[in-house]
Amino acid sequence: MNKQSFFTIGSFALATMSAGVQSVEIDEITVTANKKVQTLQEVPISVSVTSEEVIQQSSIVDLIDLQTAVPSLRVNQLQSSAQTNFVIRGFGNGANNPGIEPAVLVLIDGVPRSRSSSSLADLPTLERVEVLSGPQSTLFGKNASAGVISITTKTPEDEFGGLLEATTGDYGSRIVKGTVTGPMTDDLSFRLSASSNEMDGFATNLSDGSSINTRDRSAFRGQLLWEPSDELSVRLIVDQDKIDEECCVAGHLLKGQAGAVSDGIALQALAAGDTSRGVTNADPWDREIYMNFPASNEAENDGVSVHVEYDMGFATLTSITSDRQTTMHSNFDADFSAAKLINENKLDYDFKTFTQEFRLASNGDSDLQWTLGAFYSDEETINDRTVLYGDEIYPYVDFLLSAANASLLGVAEQVAQGALVQVYMGAGMDAVAAQTAVGTLVTQSGTAGVDAALTAAQLQGAPVLTSTQMNAMFFVPNSGSTQERFDMQSKTLSLFANVDFPLSDRLLATVGLNHTDDEKSVVSNVVIEDFFSSLPLPAAVAGVQFFPPFTNYPNASEDGLFNSDDLTHTLRLTYDVNDNTNAYISHSTGFKPISVNLSVNANDITKRAADPEQSENIEFGVKHTHDAGYINIAFFKQSIEGFQSNTFTGNGFSLVNAGDQEHQGFELDTITALSESWVVGLSAIKIDAEYVSFVNGPCDTLGLGASIDTFASLACDAGKQTKDLSGDTPAGVHDWSINANAVYSYDVTDDVSSFLRLEYVYETEVQLVDNVPEDVASRSSKNFNMSLGFSHEPSGLDLMLWGRNLTDHESLISAFPTTAAPGSFSGYPNAPRTYGLTVRGNF
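Residues numbered from 1 in each chain as written. Predicted model: local features only at pLDDT ≥ 70, side-chain atom pairs only at ≥ 80, totals over all residues. Heavy atoms only, no water.

**Section: helix H7 (residues 408-426)**
Here is step 1 of the chain: Taking 1.5 Å as the rise per residue, H7 with 19 residues should run 27 Å; its terminal C-alpha atoms sit 27 Å apart, in good agreement.
Here is step 2 of the chain: Burial in H7 covers these residues: Leu-408, Val-411, Ala-412, Ala-416, Ala-419, Leu-420 and Val-421.
Here is step 3 of the chain: Considering only its buried residues, H7 is in contact with helix H6 (393-402), helix H8 (431-459) and helix H9 (467-473).
Here is step 4 of the chain: Looking one or two residues past H7, Gly-428 carries a phi angle of roughly 120°, positive in sign. (Helix = DSSP H or I, 4+ residues; strand = E, 2+ residues; numbered from the N terminus. Expected span 1.5 Å × (residues − 1). Buried < 20%, exposed > 50% of the residue type's maximum accessible area, 1.4 Å probe, protein only. Contact = heavy atoms within 4.5 Å.)

Below is the structure:
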């Protein structure tokens, strides 16, 4: 790590601690990062906490918005509303394939959301959101190898009250939400919460003028809290949320020759009178795209959970039982052009998840504090997908083959000649004689002679096709991957224990262990109707065999079972320097089980799955509280062995273990009250990232770098279809990410108070993905957010004007090689400047 970075941050920390600021009380922040209630300053973990107040003042609606407030968190929304990656400290994956386990665990009131598609609804009525950095598998089991996002909602209260909120903004934004709570009996209370979020969208489908990147979300959450005694509490939660949106716009970044031919096909159709066709510029900031059919994204989450806490005196027994279902349906034009290359690209997910956690935690003031627990999960995942070729796929593929001096008809003719050789050999000729006879026939009579001979063979019962018959079977509209169904059953059992014991009056030791066993069974039922892709063709033309034959499993050589287990640990020493400062040093490990590639791309036994990830983190942190706030800093060295890389290659996703990846750096979180009116905050993360070992990295397999300088950095290693990225910096990991904010609070009158919140979000520029050149797709942030609010205490009315990305900074969320278009790249643009007005009534 850059030593200057340490000196700079250290100087800032000392200056902040010693600054002669006015003594102003900062509210104590409560967290449950260790599965027990502690203050932020007590818990010896790097935790970022976003309170209800910050969420309201910053107009944060969902976890995608939350990333602006937490520099260590990155949320990338991809081709649909539910395809989203959560990343902490530069580590994380789990989107674009339901068989890939996430590396960042999302919890809502202690209940895990196993896939990102079940985590993207608007945030419910909150107390806080905690982001735990680094491996957390000791207490949270699998899928916490990079960190945890823990969302805590408000519980029912025994006094009647509530909130009603309405927001209007640009792009037709309309948000309504509310909550009501109160007693039903002396020991039973309730809370009902609901929300609706609609927006017209900030992108356009030029084919029909409809909006893209729309919002249409609704959510309901009902709770009952029964407290029959001081020792027992039972909380029942029922929730449902729905998403029905058109998402997501992807603009062209660079159009290669393949992109030019798809444009040519579209322009020909336009000239023939099809006004739904046209061509867009290679500029994603136009936020315009041609889609031959509307993009649809529908998702629904339903769940019920029961939370029981029983104080047994010496310990508290906690039980959390949940039963959840998530369904998702999407359809989008994945060729990202006006050419009709795809007629259908439907994707249906269905997750049914049952979880049970039992936890026993010690009570009292004993020096020895302990937690014992078990967690069980039973989940069924069903993935159904169809990808059907479009009406104009044949001329498009024919153009792609021309780059290899080939054509579809030429391929058919070559295959027909080979078939005739086999016919002659079956009649008694040796191979040389058969090849000679066919060669002579081609010279004398051409393709017509070969087809005539094959027609005669057909009359004799030979299972052969003429070149004309084969050519007619190539890339037939509505053929392709006509059924891609996977049914995966997953069962997970985790046993964990955590013990805190003092070594002296100021020194505390922590030892935690977790053993997780994960078992998966998969049944595939894939049907491919793609005659061209079934042919044994040379590598020069194999690149357009989009759907090669798929071997379904279980079969004679594959049992369809994918099992993995691991023992993870946490070892930590915490030292109380004085009443205001504590320091800790820890070594922890994490586990992410086998991920299964539930897609047609896993067409043989070598591509079915990626082995487990093992993560390791060494961390040293200091937490200091002063009269006007706090400052927390954590230095870390975090690595993942066997990182599960899921990279889009243009025709599908490649799931491989990437070797070893290491990130080291530090996190800073500080809040200081400069006066009774001014409070300033600064959160930052510095990461130096490196692929320690990644010998099979993605590269330019088409050799475009030989003629186009842009692709030179992606050149494959000599004689290989991969590139050794060992020693390189992983894409998508910012060197610096910073959030600086200031809140000015003042009284307008005796009854009216006001605040002004200013926020600046900065990220250094970074290459976005490994297989897209940096000068084609990079990302940075220079966003300015602001809000101005007024509160009338007697009436309980609040009014807030807000704006996000007021600088209208343009940045990409993600990028990829354009589907079936070698040399072309597309990217997802960020949201433009938005602003609005929120009115809130408290009662």
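**Topic: a nonpolar patch on the surface**
Here is step 1 of the chain: Together, Met-184, Leu-224, Leu-236, Val-238, Val-304 and Val-306 make up an exposed nonpolar region whose accessible area comes to about 420 Å².
Here is step 2 of the chain: Elements that contribute at least two residues to the nonpolar patch include exactly strand E16 (232-245) and strand E19 (296-311).
Here is step 3 of the chain: You can see Val-238 is positioned in strand E16. (Patch = residues over 30% accessible without salt bridge, like charges linked within 9 Å, V, L, I, M, F, W, Y side chains within 5 Å. Areas by Shrake-Rupley, 256 points an atom, 1.4 Å probe, with all protein chains shown as cover. Salt bridge = Lys/Arg side-chain N within 4 Å of Asp/Glu carboxyl O.)

**Quick look at the pattern of salt bridges**
Here is step 1 of the chain: On inspection of all chains with the given rule, the structure shows 33 salt bridges.
Here is step 2 of the chain: Note that Glu-245 and Arg-217 form a salt bridge whose closest N and O atoms lie 2.6 Å from each other. With Glu-245 in strand E16 and Arg-217 in strand E15 (residues 215-226), this pair connects stretches of sequence that are 28 residues apart.
Here is step 3 of the chain: For Asp-798, the salt bridge identified is with Arg-840, shortest N-O distance 3.7 Å. Of this pair, Asp-798 sits in strand E38 (residues 797-804) while Arg-840 sits in strand E41 (residues 834-842), and the two are 42 residues apart along the sequence.
Here is step 4 of the chain: Residue Arg-840 is classed as buried on the basis of its relative accessible area of 6%.
Here is step 5 of the chain: Each of Asp-62, Arg-215, Arg-217 and Glu-245 takes part in a single network of salt bridges with overlapping partners.

**Concerning the pairing of strand E4 (residues 73-77)**
Here is step 1 of the chain: Among the 5 residues of E4, 5 are classified as buried, and the element is accordingly described as predominantly covered.
Here is step 2 of the chain: Residue alternation in E4 divides its side chains into two sets, Leu-73, Val-75 and Gln-77 and Arg-74 and Asn-76, and both sets are buried.
Here is step 3 of the chain: Where E4 meets strand E5 (residues 84-88), 5 bridges bridge the pair, whose relative direction is antiparallel. Note that in E5 the partner of Val-75 across the bridge is Phe-86. (Pairing = 2+ DSSP bridges.)

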